[in-house]
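Reading the structure
Here's the letter readout for the chains.
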Amino acid sequence: MSSLPERKARLIVHGDRPYNAEPPLNRLRAAYRTAADDFYVRCHGDMPAIDPDTWRLTLDGAVGTPMEISLDALRGRFRTATVTATLQCAGNRRADMRAVAPVSGDPWDGGAIGTADWTGLRLGDLLRAAGARMGTDCHVAFESHDVVDGRPYGVSIPLAKALTSETLLAFAMNGEPLLPEHGFPLRAVVPGFAGVRSAKWLRRITVQDHPSDNPIQAGDYKLYPPDVTAETADPARGHTIDAMPLNAAICEPARGAVLGAGACRIRGYAVAGDRAVIRVDVSGDGGRSWTQAALEHAPDAPFAWTFWTAELDLPPGEHDLVVRAWDSAGQTQPALPDDVWNHKGYLCACWHRVRVRVS
């Protein structure tokens, strides 16, 4: 296994403390399942160093049988499951919003996303074994070993999502133990939800009758209208970001690329949460005309992205390549980043544009 400095060298690092990084888009598109070395990293505090031999997971709250259980006991007691799923940061493509007006947060391009085979146990199996309260108003709160502004990282998800077959407590990624930056020894994987809900470095799970009051859950990751500023934002009035919107990005060619005239292959990804991507349109003239792309999707992976490829005939000159996707609900994407701008730079789901020169 390569060292953390070697893995960092493969990525575009936006910050060291906390460590946040994404892969170049062409490497992201190189394989349907993203290698762990190429998977984006989002940390809110310093990465904790955890001894797997002494690590324990606590399960408490509204359960009949509270637990404190080791990783070996979790693996031995519960049936293993694998889910192919895409995780994506709520700030993915924030750089496009920064072109409209300043926003807070790391300037993610389109690489704060990745797809892997996640292996672990179903969170629902653990909750049922503990006799968790099954009320429709219940929430499952995660607490982690990393510390953010003096408090352990904490988020929550509705109990209904926790009980679905796709929601895991994962100890492996693409058949290998989790890397430290991806949550070793155990993390939540909540497909279709923003990556912030897939808590890493788990230490405690609590069943309760309200969402987590941790600042990450109660104050951050809220979507606001464009007229709201950092000074006027009221978290109680912001929309909590859980499910992620339809999105698509061009991975090849890169912005500023110089291409030869004639046939040009355009490749990228599209993602629609738990819905299917049914069509991807690609334009070589800024959206005045469109060509449908060929789609590639893994069977039996409803929470994984769709790869797409299109061939365009490009004459010499400057060209604005554009992509937009359509999902199974007949929804498509807004055209401009102005349409989705917010001061936190979340959920940039407008058409992705790449300007190239053809000689």
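Rules behind the numbers
- Residues numbered from 1 in each chain as written.
- Predicted model: local features only at pLDDT ≥ 70, side-chain atom pairs only at ≥ 80, totals over all residues.
- Heavy atoms only, no water.
- Helix = DSSP H or I, 4+ residues; strand = E, 2+ residues; numbered from the N terminus.
- Buried < 20%, exposed > 50% of the residue type's maximum accessible area, 1.4 Å probe, protein only.
- Areas by Shrake-Rupley, 256 points an atom, 1.4 Å probe, with all protein chains shown as cover.
- Core = buried A, V, L, I, M, F, W, Y, C linked by side-chain atoms within 4.5 Å.
- Salt bridge = Lys/Arg side-chain N within 4 Å of Asp/Glu carboxyl O.
- Pairing = 2+ DSSP bridges.

**Comments concerning the overall build of the protein chain**
Of regular secondary structure, the protein chain possesses seven helices and 24 strands. Overall, the protein chain is about 70 × 45 × 40 Å in size when its C-alpha atoms are taken along their principal axes. Among the 359 residues that make up the protein chain, the fraction classed as buried is 55%. Carbon and sulfur atoms make up 50% of the accessible area of the protein chain, which totals about 14900 Å².

**Observations regarding the nonpolar core**
Membership of the largest hydrophobic core comes to 51 residues, with the highest contact counts inside it found for L57, L126, F142 and L169. Listed in part, the 23 residues of the second largest apolar core include A248, A272, A293 and L312.

**Remarks on the pattern of salt bridges**
Applying the stated criterion to the full structure yields 24 salt bridges. Close ionic contact of R203 with E143 constitutes a salt bridge, the shortest N to O distance being 3.6 Å. Remark: E143 occurs in strand β8 (residues 139-148) and R203 occurs in strand β13 (residues 202-208); sequence separation between them is 60 residues. Exposure remark for R203: the relative accessible area of 33% places this residue in the partly exposed category. Salt bridges here are not isolated pairs; linked through shared partners, they connect D60, E143, R203 and R204.

**Overview of the pairing of strand β2 (residues 19-22)**
Along β2, one buried face is formed by Y19 and A21 and the opposite face, lined by N20 and E22, is buried too. Judged from the four bridges that link them, strand β1 (residues 12-16) and β2 form a sheet pairing that is antiparallel. Opposite V13, over in β2, you have A21 as the bridge partner. Here β1 hands over to β2 after two residues, the two strands then running antiparallel side by side. Of the pairings in the sheet, the one linking β2 to strand β3 (residues 41-42) comprises two bridges and is antiparallel in character. Within β3, the residue paired with A21 across the bridge is V41.

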